[in-house]
Number of protein chains: 2
Amino acid sequence: MSIIKYAAVIGGGVIGAGWVSRLIENGVDVAIYDPAEDAMEKVEAVLKNSRYAYGKLISAPRAKEGSISFKDSIAAAVPGAELIIESVPERLDIKQSVYAEIEQSADTDAIIASSTSGIMPSDLQAKMSNPERLLVAHPFNPVYLLPLVELVGGKSTSMDTINRAREIYTSVGMHPLHVKKEIEAFIADRLLEAIWRESLWLVKDGIATTQDVDDAVRFGFGLRYAQMGVFDTYRVAGGEAGMRHFMAQFGPCLKWPWTRLMDVPEFTDELVDLIAGQSDEQSGHMTIREMERIRDDNLIAILHGLKGNDWGAGQALGKYESHLLEAANDD
Amino acid sequence: MSIIKYAAVIGGGVIGAGWVSRLIENGVDVAIYDPAEDAMEKVEAVLKNSRYAYGKLISAPRAKEGSISFKDSIAAAVPGAELIIESVPERLDIKQSVYAEIEQSADTDAIIASSTSGIMPSDLQAKMSNPERLLVAHPFNPVYLLPLVELVGGKSTSMDTINRAREIYTSVGMHPLHVKKEIEAFIADRLLEAIWRESLWLVKDGIATTQDVDDAVRFGFGLRYAQMGVFDTYRVAGGEAGMRHFMAQFGPCLKWPWTRLMDVPEFTDELVDLIAGQSDEQSGHMTIREMERIRDDNLIAILHGLKGNDWGAGQALGKYESHLLEAANDD
């Protein structure tokens, strides 16, 4: 159950609509602005997924769903909003002009949160009149199911903004991770970009198909990563001697030709054709809607299974359900 | 239920013992050779974990557990074995001398499978008299729970060996992935090495602690990777326009400073101290045994949750249980 009542979401793509889902699920009324003609239709498609997902995942009494209103301008959407989420395309100039419009009509104490995957918050806030209230709050698709949100402040962001954001995102069932030093792509996307580059090499060099890469992930280390990360996994692998032993054993590999990281694959039409063609062969028999349902059913099953365990996403979900239960009992 | 009756495992570390667990669970009698004095104790510790895990995970009637016998030499362990698994330290000279000993006593039609994480099978088999029967069968820790095994043949490996290995590993509930071109570190470990290097940079540069990196993984994309891999995840993210759209959108990022992949962190004592210190702070309050139980409980919950879904590891597990059920009904 959210600690805020009213939010605005600027941009109704997959990420923006995912935010709308998570907010209304937690009782927040949401105003949406997106200039696209089919915005309402696209948001409704995501909401259909999220309502199904929450229905299957959450066993505690859920909040009364917040309302949704589509507005025809930023000026109409942001007044009164305690949280303003920007999920527009990844171009600095577009984002900066959106902030200029937001600042003209927003309440002075509203938090402005960018969903950017990689642009530095100091650049985002560079032209703002009240830059202290802007931060990056970077979520992961599907936003209505994955708990992680990376919070990143820029040079002018106040600690008040970070702290308030942390409270808000926690109250809608998320796990805020404060990235303490500003850096392009933050933490998770840097790791994802590393995997992505190596994956492109493996396909380009004919070592693996897209299907091989996906299978290597989801039948193996992906299952580990769903509950322990990079370092704890290796700590366990090191045995009682721990991390130091693991590093002594695998440190020398850094000098071995175990990746093609030293350079970056060239982004040619041939590479796009190769990847897109293999991906079609692998999954072209399913629509994206069908794949989303498969993904969500799997995520629900994983999160549901983990719920009983006092660890990671399962623990976070357990706490969230306790809060929902308390809120219901308070009524 | 395994299609083989008797196997030998050379090396009883975490990986070797994991193989023993998976084999005896599926009714295979196993001979173990490990020169270490505490080998039996270490294998028993892993078996304690695996018996607990299978008991919680598998609801079909399980096979009668195979027997275990510790032998005092390779010569005593390998005669009669249909599958000989080598899980000794990652040094080519050690492995080659183990194969020489194996070949002196093994049945001529035995398959010899190396658990190496990265050495090329052509190098492993270079000095063998019957190199066609050697392949890499690279598993993932914990071997008794994670289904992936990468099968890699060298220049002299026969397709018969690959095909036979595929049948054997499938029969013990695994998902064999045939890596068709030989390459150092195969597929999964190349991706893991890419993440590992970027993780080291993030900690070294003070952007993130080991805990931050782990949280960024397990509360976010790790949950996705437990069921879809790199390419299918992005295919869905691209929406109905699919992979081509996703690549058009994110291709340019390859040129952005989103990773520090261009060079490799130097493996200094300072770096080891930093990582080991942070890891102690993060998880030093737990023993490795406790962490293994947490990991296994989480993996069991994830796999158990996925079992009902016709996809990935859940599907593989469902098939495995059907086979167990059929075998039980045949008795």
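No experiment lies behind these values; they were computed from the predicted model shown. (Residues numbered from 1 in each chain as written. Chains lettered and ligands numbered in written order. Predicted model: local features only at pLDDT ≥ 70, side-chain atom pairs only at ≥ 80, totals over all residues. Heavy atoms only, no water.)

**Re the domain arrangement of chain A**
Residue and element names in this part refer to chain A.
- By the assigned domains, chain A splits into domain 1 (6–179) and domain 2 (188–330).
- On the domain 2 side, the residues contacting the 26 residues of domain 1 number 20 residues.
- In total, domain 1 and domain 2 occlude about 2,000 Å² of area from one another, counting both sides; carbon and sulfur atoms represent 61% of this.
- Per-residue buried area on domain 1 facing domain 2 is highest for N49, Y52 and L57; these three make up 25% of the total on that side.
- The interface formed by domain 1 and domain 2 includes one salt bridge.
- The partner of D297 in a salt bridge is K56, with the nearest N and O atoms 3.4 Å apart.
- Here domain 1 and domain 2 share 10 residue pairs in polar contact (both at pLDDT 80 or more) between them.
- Top contributing element to the side of domain 1 that touches domain 2 by residue count: helix α2 (residues 39–57), with six residues.
- Across the side of domain 1 that touches domain 2, the residue classes break down as 15 nonpolar, eight polar and three charged. (Domains from an automatic or database assignment. Contact = heavy atoms within 4.5 Å. Buried area = accessible area lost by both parts, 1.4 Å probe. Salt bridge = Lys/Arg side-chain N within 4 Å of Asp/Glu carboxyl O. Polar contact = N/O pair within 3.5 Å; in protein donor to acceptor, adjacent residues only side chain to side chain. Helix = DSSP H or I, 4+ residues; strand = E, 2+ residues; numbered from the N terminus. Nonpolar A, V, L, I, M, F, W, Y, C, P; charged D, E, K, R; others polar.)

**Observations regarding the interface of chain B and chain A**
- In this complex, chain B contributes 113 residues to the contact, which on the side of chain A involves 113 residues.
- Taken together, the two surfaces of chain B and chain A that pack against each other cover about 11,500 Å², and 69% of this comes from carbon and sulfur.
- Among the salt bridges present, the one from K180 of chain A reaches D212 of chain B, with a minimum N-O distance of 3.9 Å.

**Let's talk about the packing of aromatic side chains**
- Within the structure shown, the criterion is met by eight aromatic pairs over all chains.
- Here the aromatic rings of W19 of chain A and Y169 of chain A are separated by 5.3 Å at their centres, their planes lie at 45°, and the arrangement is tilted. With W19 of chain A in helix α1 (residues 14–25) and Y169 of chain A in helix α6 (residues 159–171), this residue pair connects regions lying 150 residues apart in the sequence.
- Of the residues examined, W19 of chain A reaches a relative accessible area of 1% and is grouped as buried.
- Ring centres 5.3 Å apart and planes at 70° place the aromatic pair F221 of chain B and Y225 of chain B in the edge-to-face group. On the criterion of helical spacing, the pair formed by F221 of chain B and Y225 of chain B is a turn pair, its members being four residues apart in helix α8 (residues 210–225). (Phe/Tyr/Trp six-rings, centres within 6.5 Å; stacked < 30°, edge-to-face > 60°. Buried < 20%, exposed > 50% of the residue type's maximum accessible area, 1.4 Å probe, protein only.)

**A closer look at the nonpolar core**
- In terms of nonpolar packing, the biggest core is built from 209 residues, with Y169 of chain A together with Y169 of chain B touching the most fellow members.
- Discounting chain neighbours no more than four positions away, the residues touching Y169 of chain A are W19, L83, I85, A113, A137, V149, L151, M174 and P176 of chain A. (Core = buried A, V, L, I, M, F, W, Y, C linked by side-chain atoms within 4.5 Å.)

**Looking at the sheet that holds strand β6 (residues 134–139) of chain A**
All names here are of chain A.
- Sheet architecture is open: eight strands sit in the order β3-β2-β1-β4-β5-β6-β7-β8, paired in mixed fashion. Of all the strands in the sheet, the pair left with one neighbour each is β3 (68–71) and β8 (175–179). The average angle at which neighbouring strand axes cross in this sheet is 25°, direction not considered.
- As paired strands, β6 and strand β7 (residues 148–153) are joined by five bridges and run antiparallel to one another. Following the sheet pairing, P139 is matched in β7 by V149.
- In this fold α1 packs onto β1 (6–10), β2 (29–33), β3, β4 (83–86), β6 and β7, with an angle of close to 170° to the strand it touches most, β1. (Pairing = 2+ DSSP bridges. Axes fitted to C-alpha atoms, helices over the stretch in contact; angles between N-to-C directions.)

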